Amino acid sequence: MAHAAVVAAVAGHLPPHVVTNHELAQRFDTTEEWIRTRTGIVQRHHVRAGTATSDLAAEAGRRALASAGEDHADVVIVATTTPDRPCPATAPTVASKLGLTGVAAYDIAAVCTGFLYALQAGASAVAAGAARRALVIGAETFSTLLDPSDRTTGVIFGDGAGAVLLRAGARGEAGAIEAVHLGSDGTLADLITVRAGGSEQRAHPDDEAHADPYFRMDGRPVFMAAVRRMTESAHTVLRRTGWAVDDLDHLVGHQANIRILHAVAERLGLPPERALVNLDRVGNTAAASIPLALAHGRRERRLGTGDRVLLTAFGGGATWGAAALTWPDLPDLQHPPAT
Ligand code: COA
């Protein structure tokens, strides 16, 4: 049988501080009901000053390794929009925090699609024999990018991390990554952007008056492009696997907005209850969103061994993608972590 990467563990981690809609309704010109009905989000977690993305990523990675009974991965890939610093990458710090100094470690930047890009990189390394085990992490501290006066982004985003450990295996076995599709359209770069801090708009003291350091998003076109591209990408991986829509047990879409998830399910012809949802509790955690949803689905025993799972995401770039896998046979969590 053909070589494939197989999921050996899934884990998540959220910082303890919870921010409710009620709290945000006092901070912004909005209401608890607007946030809940327009996005599906009820609460999200934010880091306190002093907690970096690498802290969340390392904890999710540690839990993934522990749940597989492993203490080593040959490569650590961190998908993030909120690295600890613009330079160097965050993944080497995460690897060292896990006691893995010396292994290959690099970041991937594809905003909310970041986890799928990282999954493709990790799965390819494992399937090609370049790594026996790959630790693929999505981690964000998005709260650090938010404009305190912007109610649109302020109510949506949350912080967190999710991790998947991949091992070498064969296509067709439970847990195998069966197909991944990725895409991009750079003409849409302005729809989701942080302008300052790169080569275009330097983070230089002299530029401070003109630089915009905050995350900006044009919500409505993002919404429409997300529904279209996530649906198209889902169809592409279904074609590659030969699975029919009816064969799908779970749609695990990027947790951006409940209305996006239901629109994608509807366009695919899936009942809305097959869309796994945890954004009510965590908000949009960008690159961490899909692995965190998988971790929650696992903890709540919503995913069964052999179930057919379709992942799909859209994010800044613009970028999008989808992946098809079967759910692995994972040991029951003896003491499931709170997140
Ligand atoms: N509270 C109250 N009103 C708000 C608001 C808030 N927190 N945020 C925006 N609004 C207002 C807008 O100002 C606008 O007012 P106007 O009509 O007077 O101009 C109105 O709500 C409608 O704005 P619109 O953007 O059309 O609303 P929407 O139904 O599309 O919902 C988003 C806004 C941001 C929730 C939605 O577009 C969305 O989820 N987009 C995708 C975001 C995303 O997930 N991005 C991550 C990358 S995929």
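Residues numbered from 1 in each chain as written. Predicted model: local features only at pLDDT ≥ 70, side-chain atom pairs only at ≥ 80, totals over all residues. Heavy atoms only, no water.

**Considering the site of the ligand**
Thr 30, Arg 38, Arg 151, Arg 220 and Asn 257 are the nearest of the 22 residues found near the ligand. At 2.9 Å from an oxygen atom of the ligand is found a side-chain nitrogen or oxygen belonging to Arg 151. A distance of 3.1 Å is found between a nitrogen atom of the ligand and a backbone nitrogen or oxygen belonging to Gly 219. Alone, the ligand offers 950 Å² of accessible surface; in the complex the protein occludes 75% of this. Elements with a minimum of two residues in the shell around the ligand: helix 2 (32-39), helix 6 (151-154), helix 7 (219-241) and helix 8 (258-268). (Near = heavy atom within 4 Å. Polar contact = N/O pair within 3.5 Å; in protein donor to acceptor, adjacent residues only side chain to side chain. Areas by Shrake-Rupley, 256 points an atom, 1.4 Å probe, with all protein chains shown as cover. Helix = DSSP H or I, 4+ residues; strand = E, 2+ residues; numbered from the N terminus.)

**Digging into the UniProt feature "domain: Beta-ketoacyl-[acyl-carrier-protein] synthase III N-terminal" (unreviewed entry) in the chain**
Look at the UniProt record and you will see "domain: Beta-ketoacyl-[acyl-carrier-protein] synthase III N-terminal" (unreviewed entry) annotated at residues 106-186. The span residues 106-186 shows a helical share of 22% and a strand share of 40%, and its end C-alpha atoms are spaced 22 Å apart. (UniProt positions renumbered as here; feature names shortened; annotations may be inferred.)

**Observations regarding the pairing of strand 4 (residues 75-79)**
Within strand 4, five of the five residues are buried, leaving the element largely enclosed by the surrounding structure. Because side chains alternate across strand 4, one face comprises the buried residues Val 75, Ile 77 and Ala 79, and the other comprises Val 76 and Val 78, equally buried. In this view, the connection linking strand 4 to its parallel neighbour strand 5 (residues 104-108) by way of helix 4 (residues 91-97) has right-handed handedness. As defined by bridge partners, strand 4 adjoins strand 6 (residues 133-141) across five bridges and the pair is classed as parallel. Of the residues in strand 6, the one forming a bridge with Val 76 is Leu 135. (Buried < 20%, exposed > 50% of the residue type's maximum accessible area, 1.4 Å probe, protein only. Right-handed = clockwise from strand over helix to strand, strands pointing away. Pairing = 2+ DSSP bridges.)

**A short note on the sheet that holds strand 8 (residues 177-184)**
Across the sheet, four strands lie side by side as 8-13-12-11; this open sheet has mixed pairing. Lying at the two open borders of the sheet, with one neighbouring strand each, are strand 8 and strand 11 (250-253). Across the sheet, the mean angle separating the axes of adjacent strands is 10 degrees when strand polarity is ignored. As paired strands, strand 11 and strand 12 (residues 308-315) are joined by four bridges and run parallel to one another. Pairing of His 250 across the sheet is with Val 309, part of strand 12. (Axes fitted to C-alpha atoms, helices over the stretch in contact; angles between N-to-C directions.)

**Digging into the domain arrangement of the chain**
Along its sequence, the chain is carved into domain 1 (3-170) and domain 2 (177-326). Centre-to-centre separation of domain 1 and domain 2, based on C-alpha positions: 14 Å. Contacts between the two partners involve 52 residues from domain 1 and, on the opposite side, 46 residues from domain 2. Where domain 1 abuts domain 2, roughly 3600 Å² becomes buried across the two surfaces, and 67% of that area is made up of carbon and sulfur atoms. The largest share of the area that domain 1 buries against domain 2 comes from Cys 112, Leu 116 and Tyr 117, three residues that together contribute 17% of it. Across the contact surface, domain 1 and domain 2 share two salt bridges. Here Asp 150 ties to Arg 216 by a salt bridge, and the two come within 3.9 Å at their closest N and O atoms. Our count for the domain 1 to domain 2 interface comes out at 17 residue pairs in polar contact (both at pLDDT 80 or more). Of all the elements in the fold, those that place two or more residues in the side of domain 1 that touches domain 2 are strand 1 (3-13), helix 2, strand 3 (43-45), helix 5 (114-127), strand 6, helix 6 and strand 7 (159-170). (Domains from an automatic or database assignment. Contact = heavy atoms within 4.5 Å. Buried area = accessible area lost by both parts, 1.4 Å probe. Salt bridge = Lys/Arg side-chain N within 4 Å of Asp/Glu carboxyl O.)

**Considering the nonpolar core**
Ranked by size, the top nonpolar core spans 45 residues in total, and within it Phe 142, Leu 251, Ile 260, Val 264, Leu 270, Leu 310 and Phe 314 carry the most contacts. Among the secondary structure elements, those contributing two or more residues to this core are helix 7, helix 8, strand 12 and strand 13 (319-326). No other element matches helix 7, which puts eight residues into this core. No fewer than three residues from each of domain 1 (3-170) and domain 2 (177-326) sit in this core. Within the second largest apolar cluster, 36 residues are counted, among which are Val 10, Leu 119, Val 180 and Leu 311. (Core = buried A, V, L, I, M, F, W, Y, C linked by side-chain atoms within 4.5 Å.)

**Looking at the environment of Ala 134**
Turning to its location among the elements, Ala 134 is positioned in strand 6. For the pair Ala 134 and Ala 73, spaced 61 residues apart in sequence, the C-alpha to C-alpha distance is 5.4 Å. Leave out the neighbours within four places in its chain, and Ala 134 touches Val 75, Gly 122, Val 126, Val 164, Leu 165 and Leu 166.

**Side note on the pattern of salt bridges**
Per the counting criterion, the structure on display carries 22 salt bridges. Put simply, Glu 23 and Arg 27 hold a salt bridge, and the shortest N to O gap is 3.9 Å. With Glu 23 and Arg 27 both in helix 1 (residues 21-27), this residue pair falls four residues apart, about one helical turn. Judged by its relative accessible area of 31%, Glu 23 falls in the partly exposed class. Across the pair Arg 299 and Glu 300 runs a salt bridge, and its minimum N-O distance is 3.7 Å. Connected via shared salt-bridge partners are Asp 280, Arg 281, Arg 299, Glu 300 and Arg 302.

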